[in-house]
Amino acid sequence: MTESDVLIVGAGPVGLTLAIDLAWRGIDVTVVETRARAAPPDPKCNHVAARTMEIFRRLGLSEKVRNAGLPADYPHDISYRTTFTGQELTRIRIPCRRDRFTTKDGPDCNWPTPEPPHRINQIFLEPILFEHAAARPRIRIINRTSVEDVVVEDTSANVGLRDLETGAARRLSCRYLIGCDGARSVVRKAIGAELSGDAVVQRVQSTFIRAPDLIDRQQHERAWGTGVVNPRRAGMVYAIDGRERWLVHNYMKPGEADFDSVDRDACIRTILGVGPDFKYDILSREDWYGRRLIASKFRDRCAFISGDAAHIWVPYAGYGMNAGIADAMNLSWLLAAHLNGWAPASILDAYEAERWPITSQVSRFAMSHAEAEIRRRGAVPDEIEDAGSLGELARREVGRLAYEINVQQYACAGLNFGTYYDRSPIVAYDGSEHPAYTMNSYTPSSVPGCRTPHLWREDGSSLYDAMGPEFTLLRFDRAVDVAALEAAARTRGVPLRILDIERPKTASFYGGGLVLSRPDQHVAWRGDRLPADPLALVDRVRGAAS
């Protein structure tokens, strides 16, 4: 039976990012995946959130990710039209990747981060992650292998593997097992976690097509996403490569419960606004249900679940994959802290304590906005395509409402940066209230549990680039003596970097001249001076407080 420190089931974006981060932190990882090494993923996720891009920046991947996907000058706008080739109702303007760091006006600009979001389909993203992971000496990827069964014990787990080419079976043991194996997770079932919530919020007939002639049939400027609004069908068309490949979502009506009962070809042509003579090829089909389901627990002893294995989102704000990567980054530093010897196993209790409440809260945000969009799609005026004044009035009003609802999901700074941990066993709270946030707005804050606010330093460099890989103490006044905290960290073996920076003029760091930032860039503690017992603080943030 082969041994492994950490075994990850699933080599999608969540599992691969987790493996890369663990290896970056010095941990050996094995990843098991059913697909072949170069097998392309389904064209699912179309959006890499700013928070995820920050992670990719730290791991040395952001430039490669940002340079992939649509052509450099292809607008990342979202256009709402009567059909793909019809009249435009409104447009949410988002810069193309060429202009991402220079365009300053628009709802999706001026993000408080060194890495704003990026629109790229999973078929381009995942190979970048796989190539990077496969080149790491600490990562071993076993392709074309399924996990047949899982046995979880107190201090280890073991799994039964089957080679999908030869049928050969073997067992693999590990100290820690993480299921990043999607909605049908074998690991979730093994730990006895059950999904609950809203089983069906919407049904979507999704088709990946090749249509080289489609791009030139548009009446308006190109857009990354095109929402289609007419009385017959509602849909979404995503540009995948900016040339000939498109993902067409057909939002099924309330009475259309069976995917096969709806004429796929007729719906695609209605959404595109093309006749029977228009030629296209179907590359794949991926019909799906929009759900809001959360696992009853994210852990059983040494086994954990992340991503779709732990929660299935309404696919609104493009945040399903990104929420999974947020899970993975939370779990990664906790596991590495323990395996590297400077934190006890009790630090792992923080994973479920932090991630489960966030998942529940933010998924409700996504669902409420999705429900508003579903209501809008179900109330399209019959005259919206008419040439007269009534048609113009209908288009203007539908466009206004479409913009108002959807700008929140496509410029979702709150969802990226506003979430906070308010009941964590490894955060030293100071009684301050966490600032409220919405999907698209938030208040940067150093209240413990919040994301450490980003700022640009006087020399133009990013604060995040200067911070250490583990804990960083931000000090705004060099006169403040922090030697006792440094000594306490050394005593416990906790990696700590002291970073002196100018006190920012913004209010985001009010409340303390010292801010202790965790490895995942959340605030662990703040104050104007060190606490009376620095060792107790160190024990708190490393999960060893009594």
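Quick caveat, the model's predicted, so the values are computed rather than measured.

*Asks:* Could you give me a rundown of the overall build of the protein chain, with the residues and numbers involved?
*Replies:* Each helix and strand counted, the protein chain has 13 helices and 23 strands in total. Against the 2.2 N^0.38 benchmark of 24 Å for 546 residues, the protein chain shows a C-alpha radius of gyration of 24 Å, consistent with a compact globule. Along the three orthogonal principal directions, the C-alpha set of the protein chain runs to about 75 × 60 × 35 Å. Taken over 546 residues, the protein chain has a buried fraction of 60%. Residue pairs in contact within the protein chain that sit at least 24 positions apart in sequence constitute 71% of those at least 6 positions apart. Carbon and sulfur atoms make up 47% of the accessible area of the protein chain, which amounts to about 21,700 Å² in all. For the protein chain, the separation between the mean place of its 69 positive charges and that of its 71 negative charges on side chains is 1 Å.

*Asks:* Any details on the side chain of asparagine 46? Residues and values, ideally.
*Replies:* Take asparagine 46: it is sitting in the loop between β2 (29-32) and β3 (47-48). Since its relative accessible area comes to 8%, asparagine 46 is described here as buried. Setting aside its immediate chain neighbours within four residues, asparagine 46 contacts Arg119, Ile120, Asn121, Trp224, Tyr238, Ile240 and Leu247.

*Asks:* Mind laying out the sheet that holds strand β21 (residues 496-500), listing which residues take part and the relevant values?
*Replies:* Within the open sheet, the four strands sit side by side as β21-β20-β22-β23. Their pairing is mixed. Whereas interior strands pair on both sides, the edge strands pair on one side only; in this sheet they are β21 and β23 (523-527). Averaged over neighbouring strand pairs, the angle between their axes works out to 15 degrees when direction is ignored. As paired strands, strand β20 (residues 471-475) and β21 are joined by five bridges and run parallel to one another. Counterpart to leucine 474 in the pairing with β21 is leucine 499.

*Asks:* Requested: an account of the environment of histidine 118, with residues and values cited.
*Replies:* Locating histidine 118 in the fold gives a position in strand β6 (residues 118-119). Distance in space between the C-alpha atoms of histidine 118 and serine 389 is 38 Å, their sequence separation being 271 residues. Leave out the neighbours within four places in its chain, and histidine 118 touches His47, Val48, Met53, Val65, Arg66, Ala68, His76 and Arg97. At 3.4 Å, the side chain of histidine 118 forms a polar contact with the backbone oxygen of arginine 66.

*Asks:* So, the pattern of salt bridges: which residues are in play, and what are the values?
*Replies:* Tallied over the full model, the rule gives 43 salt bridges. For arginine 264, the salt bridge goes to aspartate 287, with nearest N and O atoms at 2.7 Å. One end of the pair, arginine 264, is in helix α6 (residues 264-272); the other, aspartate 287, is in the loop between β15 (281-285) and β16 (288-295), and 23 residues separate them in sequence. Note on arginine 264: relative accessible area 10%, which makes it buried. Measuring nitrogen to oxygen at the nearest pair gives 3.1 Å for the salt bridge that ties arginine 400 to glutamate 404. One end of the pair, arginine 400, and the other, glutamate 404, are both in helix α9 (residues 389-410), four residues apart, so they sit about a helical turn from each other. Judged by relative accessible area, arginine 400 falls into the partly exposed class, the value being 41%. Ionic contacts of the salt-bridge type, sharing partners, join the residues Asp21, Arg25, Arg58 and Glu470 into one network.

*Asks:* So what about α9? Which residues, and what values?
*Replies:* Relative to the 32 Å expected for 22 residues at 1.5 Å per residue, α9 spans 30 Å between its end C-alpha atoms, a close match to the ideal helical length. Its axis deflected by about 25 degrees at glutamate 404, α9 carries its strongest bend there. All buried positions along α9 are accounted for by Gly391, Ala394, Arg395, Val398, Gly399, Ala402, Ile405, Asn406, Val407, Gln408, Gln409 and Tyr410.

*Asks:* Tell me about the pairing of strand β14 (residues 245-251), residues and numbers included.
*Replies:* By the criterion of burial, β14 is predominantly enclosed, with six of the seven residues buried. Between strand β13 (residues 234-239) and β14, which pair antiparallel one after the other, the connecting turn spans five residues, and glycine 242 there sits at a positive phi close to 75 degrees.

*Asks:* Residues and numbers for the nonpolar core, please.
*Replies:* Here is a general trend for soluble globular proteins: nonpolar side chains tend to be buried in one another's company. Counting residues in hydrophobic clusters, the biggest one holds 93 residues, and the most contacted among them are Val6, Ile8, Phe56, Leu177, Ile178 and Ile305. If you tally residues by element for this core, the top one is helix α7 (residues 320-339), at 11 residues. Residue contacts for leucine 177: discarding those within four places in its chain leaves Leu7, Val9, Val150, Ala157, Val159, Val187, Cys302, Ala303 and Phe304. Tyr238, Ala239, Ala394 and Ala402 belong to the second-largest nonpolar core, a separate cluster that totals 42 residues.

*Asks:* Please provide a residue-by-residue account of the layout of surface pockets, values included.
*Replies:* Taken as a whole, the second largest pocket encloses approximately 490 Å³ of empty space. Taken together, 23 residues make up the lining of the second largest pocket; nearest its centre are Leu455, Trp456, Glu502, Arg503 and Pro504. Across the lining of the second largest pocket, the residue classes tally to 10 nonpolar, three polar and 10 charged.

*Asks:* Just give me the short version of the state of the cysteines, but keep the residues and values in it.
*Replies:* Counted under the stated rule, the structure contains zero disulfides. Just so you know, cysteine 174 is unpaired, no disulfide at all, and the nearest cysteine sulfur is the one on cysteine 302, 6.4 Å from it. Residue classification places cysteine 174 among the buried positions, given a relative accessible area of 1%. Lacking any disulfide linkage, cysteine 180 is separated from the closest cysteine sulfur, that of cysteine 174, by 12 Å.

Reading the values: the criteria
- Residues numbered from 1 in each chain as written.
- Predicted model: local features only at pLDDT ≥ 70, side-chain atom pairs only at ≥ 80, totals over all residues.
- Heavy atoms only, no water.
- Helix = DSSP H or I, 4+ residues; strand = E, 2+ residues; numbered from the N terminus.
- Rg over C-alpha atoms; globule rule 2.2 N^0.38 Å.
- Buried < 20%, exposed > 50% of the residue type's maximum accessible area, 1.4 Å probe, protein only.
- Contact = heavy atoms within 4.5 Å.
- Areas by Shrake-Rupley, 256 points an atom, 1.4 Å probe, with all protein chains shown as cover.
- Lys, Arg positive; Asp, Glu negative; His and termini not counted.
- Charge placed at Lys NZ, Arg CZ, Asp CG, Glu CD.
- Pairing = 2+ DSSP bridges.
- Axes fitted to C-alpha atoms, helices over the stretch in contact; angles between N-to-C directions.
- Polar contact = N/O pair within 3.5 Å; in protein donor to acceptor, adjacent residues only side chain to side chain.
- Salt bridge = Lys/Arg side-chain N within 4 Å of Asp/Glu carboxyl O.
- Expected span 1.5 Å × (residues − 1).
- Bend = angle between axes of the 7 residues up to and from the residue.
- Core = buried A, V, L, I, M, F, W, Y, C linked by side-chain atoms within 4.5 Å.
- 1 Å grid on protein atoms, 1.4 Å probe; cavity = no way out; pocket = protein on both sides within 12 Å on 5 of 7 lines; lining within 4 Å.
- Points joined across faces, edges and corners; volume = space filled by probe spheres on them.
- Nonpolar A, V, L, I, M, F, W, Y, C, P; charged D, E, K, R; others polar.
- Disulfide = S-S within 2.5 Å.

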